[in-house]
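Working through the structure, step by step
Listed here are the chains, written in short residue letters.
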Amino acid sequence: YSMPVSLQTSFKSLFLLLAVSISVYALGYDWIYAHATEGIAVKFKSLITIFVYSHLIGGGLALSLGAIQVFTKQGSPWHRRLGISYCIAVLIGGIGGGYLSFFADVGPSTGVGFFILDILWLYSTFLALSYARAGRIDLHRRWIIRSLAITAAAISLRIELLIFTQFWSFETSYMIVAWSSWIGNLLIAEMYLSLTSRTLTLPKGNLSL
């Protein structure tokens, strides 16, 4: 199975548009909620600042870098540079995300969902980097797609939350999206990988970071 080029381009473009939008929101979070008197913005102000901003900045950059990366040519200098930058951003965002999961709204079940997301995010990115450095291109491809699927939870969470709150309370909806935002993305990624499974013939080390 091979996805039509036009469909691939449309999907990548939509991903890029949504990713940049969420990234701008994350990077401008402090300015947007500068005068907030309630909600999560107030809670963030009571937490350790460096962890809050490491998640906002690292996660925001990882989302945009990952979306840009899908347009680059595999093995090119830009692909490698963006790949390294993406991994660093995930590490920074993941450290902050792990910390914030202990203070998630609604309760422990929400925090556990976000904590597992964070661990899988770091783990999948680490494996993708390791396989790239080892020149095992097909395995790199599979794990970076999983990593990007988890990164894109920042997008699916907001879309799902907007939909679910039309039917349930914010608390119920938030508990659901703490799990569905990344589980759903990973299921889609696995289906895509199953349909497009192939062995790349690129020379060993071509994608080495």
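Here, the structure is the one placed above.
Below, the structure is looked at part by part. Just so it is clear, the structure is predicted and the values come from calculations on it, not from any experiment. Position numbers for residues count from 1 along each chain, tracking the sequence in the order it is written. The predicted nature of this model means local features are confined to residues of pLDDT at least 70 and side-chain atom pairs, given and counted, to a pLDDT of 80 or more, with totals for whole chains, interfaces and linings taken over all residues. Side-chain measures were taken over the full set of non-hydrogen atoms in the model, leaving aside hydrogen atoms and water.

Quick notes on the environment of isoleucine 92
Helix and strand assignments come from DSSP, with helices taken as H or I runs of at least 4 residues and strands as E runs of at least 2, each series counted from the N terminus. Among the secondary structure elements, isoleucine 92 is positioned in helix α5 (residues 77-101). Burial classes: relative accessible area under 20% of the type maximum marks a residue as buried, over 50% as exposed, and values in between as partly exposed (1.4 Å probe, protein chains only). Exposure remark for isoleucine 92: the relative accessible area of 38% places this residue in the partly exposed category. When the C-alpha atoms of isoleucine 92 and isoleucine 57 are compared, they prove to be 8.0 Å apart, with 35 residues separating the residues in sequence. Ignoring any residue separated from it by four or fewer positions in sequence, one finds isoleucine 92 in contact with Ser54, His55 and Gly58. Contact between two residues is taken to exist if any of their heavy atoms lie within 4.5 Å; hydrogens are not considered.

Let's talk about the packing of α5 against helix α6 (residues 108-133)
A fitted line through C-alpha atoms serves as each axis, taken over the contacting stretch for helices, and the angle formed by two N-to-C directions is quoted from 0 to 180°. Two elements in contact, α5 and α6, have axes separated by 9 Å at closest approach and are oriented at 160°. When the interaxial angle is binned, α5 and α6 end up roughly antiparallel. In this structure, α5 meets α6 at a crossing whose hand is left-handed. Contacts between α5 and α6 involve Tyr86, Cys87, Val90, Leu91, Gly93, Gly94, Gly97, Gly98 and Ser101 from the first element and Gly111, Phe114, Phe115, Asp118, Trp121, Leu122, Thr125 and Leu129 from the second. In the scheme used here, Gly and all other residues not listed as nonpolar or charged are polar, with Ala, Val, Leu, Ile, Met, Phe, Trp, Tyr, Cys and Pro taken as nonpolar and Asp, Glu, Lys and Arg as charged. Counted by class, the contact of α5 with α6 contains nine nonpolar, seven polar and one charged residues. Under this scheme an angle from 65 to 115 degrees is roughly perpendicular, one under 35 degrees roughly parallel, and one over 145 degrees roughly antiparallel; angles in between are oblique. A crossing counts as left-handed when the near helix is turned anticlockwise from the far one by less than a right angle, and as right-handed when that turn is clockwise.

Some details on the environment of proline 4
Along the polypeptide, proline 4 turns up in the segment before α1 (5-27). Sequence spacing of proline 4 and leucine 186 is 182 residues, and the spatial spacing of their C-alpha atoms is 22 Å.

Digging into the nonpolar core
What tends to happen in soluble globular proteins is that the nonpolar side chains get buried as a cluster. Buried residues of nine kinds, namely Ala, Val, Leu, Ile, Met, Phe, Trp, Tyr and Cys, make up a nonpolar core once their side-chain atoms join them within 4.5 Å. Core analysis: the largest hydrophobic core is formed by 20 residues, its most contacted members being Ala62, Tyr86 and Trp121. Contributing elements (two or more residues each) for this core: α4 (49-69), α5, α6, α7 (137-151) and α9 (170-195). Not counting residues within four places of it along the chain, the set of residues in contact with tyrosine 86 comprises Ala62, Leu65, Gly66, Trp121, Thr125, Ile144, Ser147, Leu148 and Thr151.

By themselves, these observations are geometric and do not establish any function.
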